[in-house]
Amino acid sequence: MPRPTAAQFAYGSCTVIFSTLAMLLLSQTSSGPGVAVVAVAALALGLLVAMTVPLPRARTVAAVPDRTPAAAAQEPVPAAPVAAGSGEPARGRAA
């Protein structure tokens, strides 16, 4: 059985709290059995709401086209840095 998500917890909890308050205010009950019935009904409603929240779908990654050798051959190749005043590359010069 998968674990509930944060959205399921949030929606279910809010539903229980607000439906309990609404039913207690609308029914104006103050007896123990009446409050118990309201609480059980609110819990059932919260469970129903939490279970109907859509689960997140797995992400699909778009396929990245492979680089072909022809496309790689057309890219410019950076030149080696040249030392100021000399015609040879900086790495190839003797110290």
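Structure first, text after, so check above.
In this report, we go over the structure that sits alongside the text. (Residues numbered from 1 in each chain as written. Predicted model: local features only at pLDDT ≥ 70, side-chain atom pairs only at ≥ 80, totals over all residues. Heavy atoms only, no water.)

### Some points on the overall build of the chain
What the chain contains, in helices and strands, is three helices and zero strands. With 95 residues in all, the chain has 12% of them scored as buried. For the chain, contacts bridging at least 24 residues in sequence account for 41% of all contacts bridging at least 6. (Helix = DSSP H or I, 4+ residues; strand = E, 2+ residues; numbered from the N terminus. Buried < 20%, exposed > 50% of the residue type's maximum accessible area, 1.4 Å probe, protein only. Contact = heavy atoms within 4.5 Å.)

### Remarks on helix α2 (residues 32-52)
For an α-helix, 3.6 residues make a turn, and residues three or four places apart therefore share a direction. The end-to-end C-alpha distance of α2 is 30 Å, a good match for the 30 Å that 21 residues give at a rise of 1.5 Å each. Every buried residue belonging to α2 is among G34, V38, A42, G46 and A50, and all of these are buried. Looking straight down α2, one finds its buried side chains confined to an arc of 135°; they lie on one side. Structural note: α2 exposes P33, V37, V40, L43, L47, L48, M51 and T52 on the side pointing more than 90 degrees away from its buried face. Buried residues along α2 sit against α1 (6-27). (Expected span 1.5 Å × (residues − 1). Arc of directions from axis to C-beta.)

### A look at unusual backbone geometry
Its identity as a non-glycine residue notwithstanding, Q28 has a phi of 50°, on the positive side. With respect to the helices and strands, Q28 occurs in the loop between α1 and α2. Q28 gets classed as exposed once you look at its relative accessible area, which sits at 69%.

### A short note on the packing of α1 against α2
In the contact formed by α1 and α2, the axes pass within 8 Å of each other and the chain directions differ by 150°. One way to sum up the angle between α1 and α2 is to call them roughly antiparallel. Considering only the axes of α1 and α2, their crossing is right-handed. Here Q8, Y11, G12, T15, V16, S19, T20, M23, L24 and S27 of α1 come into contact with α2, specifically with V35, V38, A41, A42, L43, L45, G46, V49 and A50. In terms of residue class, the contact of α1 with α2 is made up of twelve nonpolar, seven polar and no charged. (Axes fitted to C-alpha atoms, helices over the stretch in contact; angles between N-to-C directions. Parallel < 35°, antiparallel > 145°, perpendicular 65-115°, else oblique. Left-handed = near helix turned anticlockwise from the far one by under 90°. Nonpolar A, V, L, I, M, F, W, Y, C, P; charged D, E, K, R; others polar.)

### Quick word on the side chain of S19
For S19, the location among the structural elements is in helix α1. Relative accessible area serves as the criterion here: at 11%, S19 is assigned to the buried category. Among the polar contacts made by the side chain of S19, one reaches the main-chain carbonyl oxygen of T15 at a distance of 2.5 Å. Within the structure, the side chain of S19 is placed 3.3 Å from the backbone oxygen of V16, a separation counted as a polar contact. Not counting the four nearest positions on each side in its chain, S19 is found in contact with A42 and L45. (Polar contact = N/O pair within 3.5 Å; in protein donor to acceptor, adjacent residues only side chain to side chain.)

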